[in-house]
Amino acid sequence: MIKRTLRRLLSMIDHAGTGGKETNLQLEIHGVSTDSRSVQPGNLFVPLIGEQFDGHRFVAESAAKGAAAALWQTDHPSPPEHIPLIFVDDTLKALQQLANAYRRELPARVVGITGSNGKTTTKDVAASLLSTTYKVHKTIGNLNNHIGLPLTLLQMDEDTEVAVVEMGMSGRGEIRRLSELAQPEAVIITNIGEAHLQQLRSREEIAKAKLEIVSGLADDGLLIYPGDEPLIENLLKDRERFEREMGFALPGQLKTFRFGIGEHNDLYPTGMMLAQEGTQFMLNWPDFPPLHIPLLGRHNVTNVLACIALCKYMGVLTPNIANGLKHVQVTGMRIEKIRLPSGVTVINDAYNASPSSVKAALALLEDLPGFKQKIVVLGDMLELGEQETRFHREIGRLIDPKQIDYVFTFGPLARLIADEARKTFGAERARQFDDKREIVREVLRVAGPNDIVLVKASRGMRLEEVVAGLLAGGSAQ
C-alpha cells in the first residue's frame, strides 16, 4: 500500500493548504480508506460525498480509530481540529489524482480489463497466471469503478511488478477516465454484450464505451480483443473515424491481438471437451500442450485465451501458463459449482445476467455430461432498456425441452421467460414463482442425486438466496 509522508502527499495532489491538528509534515501515511468502518491506524481518510451520504460526518470517527490524517473539501464548514487535514476542492478528484501520481511513481506494469461479461473471471485468471512469474496485485472483488480503481492502485506495494485492474462502467466516458488514471501497458476487452443497453441504447455504443480503455494505453501498448466481434474491428480499422466518434486518438504504435473461436483469430481453440470438473482444450499454437482449466463453459475458454495472449506478451513461459491454469480460482457466484449433501449439484451464477451470458450458461448446462436431470432457475436480466421484453421472451423460446428438464423463474421480467418456455415445456415443467422459498422447496422436491441446477439472474434479484436456501435444505429469504 502507499506509504508517504504528508509532505510527499501534498506534492502529489492539488490542495488549498493544511489545517486541523498542528501538522507534522514528516508524519507517514500508511494506506488510504474511504470507509470509516474499516479505517486502519495510519490511514489517510478520504471523505467522499454521494447522493445519500457525506463522509465528512465520519472524519472524527476515523480519527478515533487511528486515521493519521484526512482530506477535507473546502466547501464544507466546521473542519475538525483534532486531526491533520489537507484541504481540497473535491475529495473524489483528489483521491483519483493521488492514485494516478502513485501509479506513475512505481515501476509496475499495469494491465486493464473490461468487457460486458467475464471481466472479473478474466482478471482473476490473468493475475493467477502472471503470479507464476511476477509479484502481482489485482482488483479485489469488483472494485472497478471511479472509486474502486483508485483504491486498488493505492493498495499496491512498492515492489509490485504487475497490476491487473478491472474497469467497469455504466455510461460513456467512465472507462476513459479509469484508463487515463491507470495508464495501462496492455488491455483486454472480453466481449461486447447487452449489459447497459438501458443507458447506451445500442451494442455499437457499448462497443465504443469499452474501447475507451485504449485512451490511457501506452503509445506502443497492446490491445487484446475478441476477433469474432465485428463492432470492435469496424471501429479500429479507420483511425479518422475512430478519433471523430471516440473523441481521442488511437495510440500511435498500437499493437493488436485477436482471440476467439474462429480460425481468423490470432489465437483460437482447435478442440474442446467439457467435463463435470472443468474444461480441456487445445490451441492453434503448436508449442502449447493440451490444457485443462477448473472452469466450466466454452465462454471461459475464450476468457482464458485472452489471458494466455497477455501472459505470452508479458514474458510468462508456456509451462508456467499450462501449470498455472490448473490452479485458477475465481471470485464467487461466477459459475461457482456447489455439491449439496443430497448429491444435487448447483451452479451458482447469480452475480449478473445479460442475454449473452444467460445463453452461454444455458449452453454450458446443455453440454455438461453425466447428469440425470437439468434444472434452470432464472431471474430478471436488468438494465436492458426498451428491448427487455424481447430479450426475456427470446430466452424462454431458446431453452430446449429435450436438453433441460425444468425451468423455474423469479421476477416480473423472468415471468416472460416462463411464459414462452411453457409453450414447449408445459405448465408443470416451466413455472413462475413469486417467493424464493417456494423455488427452493420445488427444486428440492424434483431434484435428486446426479441432478444439476443452474441459478442465474442479475445481481439485483439476489438469487444467491435461493442457493443459500438449497444449502440450508429448504429455506430462503
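See the structure printed just above.
Remember, it's a predicted structure, so these values are computed and weren't measured experimentally.

**Here we look at the pattern of salt bridges**
Counted by the stated rule, this structure contains 36 salt bridges. The partner of Lys 135 in a salt bridge is Asp 157, and the shortest N-O contact between them spans 3.3 Å. With Lys 135 in the loop between helix 4 (119-130) and strand 9 (136-138) and Asp 157 in the loop between helix 5 (148-154) and strand 10 (162-166), the pair connects residues that are 22 residues apart, well separated along the chain. Where Asp 266 meets Arg 258, a salt bridge forms, and the shortest distance between an N and an O atom there is 4.0 Å. Under the relative-accessibility criterion, Arg 258 is labelled partly exposed at 22%. Three or more residues joined by partner-sharing salt bridges are found here, namely Arg 172, Glu 205, Lys 208, Glu 212, Arg 241 and Glu 245.

**Description of the sheet that holds strand 7 (residues 84-88)**
With respect to topology, 5 strands assemble into an open sheet ordered 2-7-6-5-4, the strand pairing being mixed. For this open sheet the edge positions go to strand 2 (18-20) and strand 4 (32-33), each flanked by a neighbour on one side alone. Direction of pairing for strand 4 relative to strand 5 (residues 44-45): parallel, over a ladder of 2 bridges. Its bridge partner lying in strand 5, Val 32 is registered against Leu 44. Contacts from helix 3 (residues 91-105) reach strand 4, strand 5, strand 6 (69-73) and strand 7, with the element oriented near 130 degrees to strand 6.

**Some remarks on the sheet that holds strand 14 (residues 269-275)**
Within the open sheet, the 3 strands sit side by side as 14-15-16. Their pairing is antiparallel. On the outer flanks of this sheet lie strand 14 and strand 16 (291-293), each paired with one strand and no other. With direction set aside, neighbouring strand axes in the sheet form an average angle of 20 degrees. For strand 15 (residues 278-283) and strand 16, the ladder comprises 3 bridges, and the chain directions are antiparallel. In the strand pairing of strand 16, Thr 279 is matched with Ile 293.

Calculation notes
- Note that residues are indexed from 1 along each chain, following the sequence as it is written.
- Local features in a predicted model are, by the rule used here, given only for residues with pLDDT of at least 70; side-chain atom pairs are given and counted only at 80 or more, and totals for whole chains, interfaces and linings are based on all residues.
- Processing note: side-chain calculations cover all non-hydrogen atoms of the structure and skip hydrogens and water entirely.
- Here, a salt bridge means any Lys or Arg side-chain nitrogen found within 4 Å of an Asp or Glu carboxyl oxygen.
- Helix and strand definitions here come from DSSP, where helices need a minimum of 4 consecutive H or I residues and strands a minimum of 2 consecutive E residues; each element is numbered from the N-terminal end.
- Burial classes: relative accessible area under 20% of the type maximum marks a residue as buried, over 50% as exposed, and values in between as partly exposed (1.4 Å probe, protein chains only).
- Two strands pair if DSSP finds at least two bridges between them.
- Residue contacts are counted whenever heavy atoms from the two residues lie within 4.5 Å of one another.
- Whenever a helix is involved, its axis is fitted only over the stretch in contact; in every case the axis is a line through C-alpha atoms, and angles between N-to-C directions fall within 0 to 180 degrees.

Geometric descriptors of this kind do not, in isolation, establish any biological role.
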